[in-house]
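Report on the structure
Each chain is listed here by its residues.
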Amino acid sequence: AVKATYRTDATKDEGKLIDEFTKPGLLVMDELEKRGESAWENNLLFHLVNRRYNSERDTLLISNLPQDLLDEHLGKSLVSRLNETGGMIHCDWPSRR
């Protein structure tokens, strides 16, 4: 959705879209490990989660990565914010698919 704001026919800009993602009381982001992990994506994820953190909005991040790889994937600053406001829950049960 954010990348689409850079199209010439875009109806929203990046700032307005980030505002929209900041407003809900709960934002769920699934399969974080599917990100490209570019510096742009990492900064965008941090910016969004930090805005929600500062606005005291709940954010649920879901990943299939083991805890140590997820910590590395997200970075120290983001992991610190997540742990301060709720923490991480490791779910180690078999897949139900």
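Higher on the page you've got the structure.
As the structure is a prediction and not an experimental result, all values here were calculated from the model.

Let's talk about the overall build of the protein
Scanning the protein from N- to C-terminus turns up four helices and two strands. From first element to last, N terminus to C terminus, the protein shows the α and β order α-β-α-β-α-α. With respect to the principal axes defined by its C-alpha atoms, the protein has extents near 45 × 30 × 25 Å. Buried positions account for 25% of the 97 residues belonging to the protein.

Considerations on the packing of helix α2 (residues 39-54) against helix α4 (residues 76-85)
In contact at an axis separation of 10 Å, α2 and α4 are set at 25° when each is read in the N-to-C sense. By the angle class used here, α2 and α4 are roughly parallel. Crossing geometry of α2 relative to α4 is assigned as left-handed. Seen from α2, the contacting residues are L45, F46, V49, N50 and Y53; seen from α4, they are S77, L78, R81, L82, E84 and T85. When grouped by side-chain class, the residues that make up the contact of α2 with α4 number six nonpolar, three polar and two charged.

Looking at helix α3 (residues 67-74)
Listing the buried residues of α3 in full gives L70, H73 and L74. Each buried residue of α3 lies within a common arc of 85° when the element is viewed along its axis, so the set occupies one face. For α3, the exposed residues lying more than 90 degrees away from the buried face are D68 and E72. Just beyond α3, the residue with positive phi is G75, at close to 95°.

About the thresholds
- Residues numbered from 1 in each chain as written.
- Predicted model: local features only at pLDDT ≥ 70, side-chain atom pairs only at ≥ 80, totals over all residues.
- Heavy atoms only, no water.
- Helix = DSSP H or I, 4+ residues; strand = E, 2+ residues; numbered from the N terminus.
- Buried < 20%, exposed > 50% of the residue type's maximum accessible area, 1.4 Å probe, protein only.
- Axes fitted to C-alpha atoms, helices over the stretch in contact; angles between N-to-C directions.
- Parallel < 35°, antiparallel > 145°, perpendicular 65-115°, else oblique.
- Left-handed = near helix turned anticlockwise from the far one by under 90°.
- Contact = heavy atoms within 4.5 Å.
- Nonpolar A, V, L, I, M, F, W, Y, C, P; charged D, E, K, R; others polar.
- Arc of directions from axis to C-beta.

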